[in-house]
Amino acid sequence: MRSTEPDPRIIVALDFPSAGPALELVERLDPGLCRLKVGKEIFTRAGPELVERLSDKGFDVFLDLKFHDIPNTVAAACEAAADLGVWMLNVHASGGRKMMQTARERLDRSQHRPLLVAVTVLTSLGEGDLGEIGFAGTPADNVRRLAGLAEDSGMDGVVCSPREARMLRADCREGFLLVTPGVRPRDAAKGDQKRVMTPGEAIQAGSNFLVVGRPVTAAPDPLQALERIRAELVLDTVDS
Ligand code: C5P
């Protein structure tokens, strides 16, 4: 089974349009200091080969493809991801219990058993958007319900906003992983993220892993930016 060791807690999002700049950045990072997230854009362009190259360099890779399909198709895709050697991957909780359970069972039989987490509600969806697709209640109500379903269906954790971490930490079993994007160091620009927390606040709220993109990838010195976030994290956690 893949490591749930918290350190490194920071997962750097490789949001690049091609493998070249992603690999250039990775050359300046260190697998002892961060994990890496490969999302839909770069995966669609650079594919499994990039994932294998990152793993060969010693990085844990979170394959963020948010699978959502019939159970058999999702389970097969999860198995393919496991064969690539990824550390973590994700599915949409709204794909339902059967889809999550089937994926879980398939991964349990895989050699490396990657961590499997679920997306509850996309943070881009407000109450009006949810109503339109037939989800009654507030985003928080839906996050809570879907996180419960994800837990019951054998997921290792969920991807959530740091603003939801405290609520889910109280609701969910110990050891259930909370993976949170929307994190910004104290002095960083927010970009298009609206509801952000600092790394220390997110950890104090119960987050286990922090997904950080532009504050590292767009920094003039990415390694120094990463080191600063790590230092901020330690200081804030010790302060509390
Ligand atoms: O650059 P930034 O730190 O905003 O990148 C955050 C990463 O986390 C991006 O890859 C983005 O797609 C992802 N993400 C997010 N909010 C969510 C889910 C994923 O920002 N609710």
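Here the structure is shown first, and the text comes after it.
Conventions and cut-offs
- Residues numbered from 1 in each chain as written.
- Predicted model: local features only at pLDDT ≥ 70, side-chain atom pairs only at ≥ 80, totals over all residues.
- Heavy atoms only, no water.
- Near = heavy atom within 4 Å.
- Polar contact = N/O pair within 3.5 Å; in protein donor to acceptor, adjacent residues only side chain to side chain.
- Areas by Shrake-Rupley, 256 points an atom, 1.4 Å probe, with all protein chains shown as cover.
- Helix = DSSP H or I, 4+ residues; strand = E, 2+ residues; numbered from the N terminus.
- Buried < 20%, exposed > 50% of the residue type's maximum accessible area, 1.4 Å probe, protein only.
- Salt bridge = Lys/Arg side-chain N within 4 Å of Asp/Glu carboxyl O.
- Expected span 1.5 Å × (residues − 1).
- Arc of directions from axis to C-beta.

Participant: Mind showing me how you'd approach the site of the ligand here?
Facilitator: Inspection of the region around the ligand gives A13, D15, K37, T123, P181, R184, Q193, V211, V212, G213, R214 and P215 as its neighbouring residues. Between the ligand and D15 there is a distance of 2.7 Å, counted from an oxygen atom to a side-chain nitrogen or oxygen. Contacts to the ligand include R184, whose side-chain N or O atom sits 2.8 Å from an oxygen atom. The protein chains hide 79% of the 460 Å² of surface that the ligand would expose on its own. Elements with a minimum of two residues in the shell around the ligand: β8 (209-212) and α9 (214-217).

Participant: Explanation requested: unusual backbone geometry in the structure shown.
Facilitator: Most peptide bonds are trans, and most residues other than glycine sit at a negative phi. For K66, which is not glycine, the phi torsion reads 45° and is therefore positive. Inspection of the secondary structure assignment puts K66 in strand β3 (residues 61-67). Within the chain, R113 stands out as a residue other than glycine whose phi angle is a positive 40°. Looking at the element boundaries, R113 is found in the loop between α4 (97-108) and β5 (115-119). The exposure class assigned to R113 is buried, which follows from its relative accessible area of 17%.

Participant: Teacher, can you tell me more about the pattern of salt bridges here?
Facilitator: Pairing is possible between side chains that carry opposite charge, provided their charged atoms lie close to one another. Per the counting criterion, the structure on display carries 11 salt bridges. Here K66 makes a salt bridge to D64, at a shortest N to O gap of 3.0 Å. On the basis of relative accessibility, which here comes to 7%, the residue D64 falls in the buried class. One salt-bridge network, held together by shared partners, links R104, D108, R113 and D156.

Participant: Honestly, helix α3 (residues 71-83) in this entry has me stumped. Any pointers?
Facilitator: Structural remark: α-helix, 3.6 residues per turn; residues separated by three or four positions point the same way. The terminal C-alpha atoms of α3 lie 18 Å apart, and with 13 residues this matches the ideal 18 Å at 1.5 Å per residue to within 8%. All buried positions along α3 are accounted for by V74, A75, C78, A81 and A82. When α3 is viewed along its axis, its buried side chains cluster within an angular range of 120° and face the same direction. For α3, the exposed residues set more than 90 degrees away from the buried face come down to N72 and D83.

Keep in mind that these numbers describe shape and distance, not what the molecule does.
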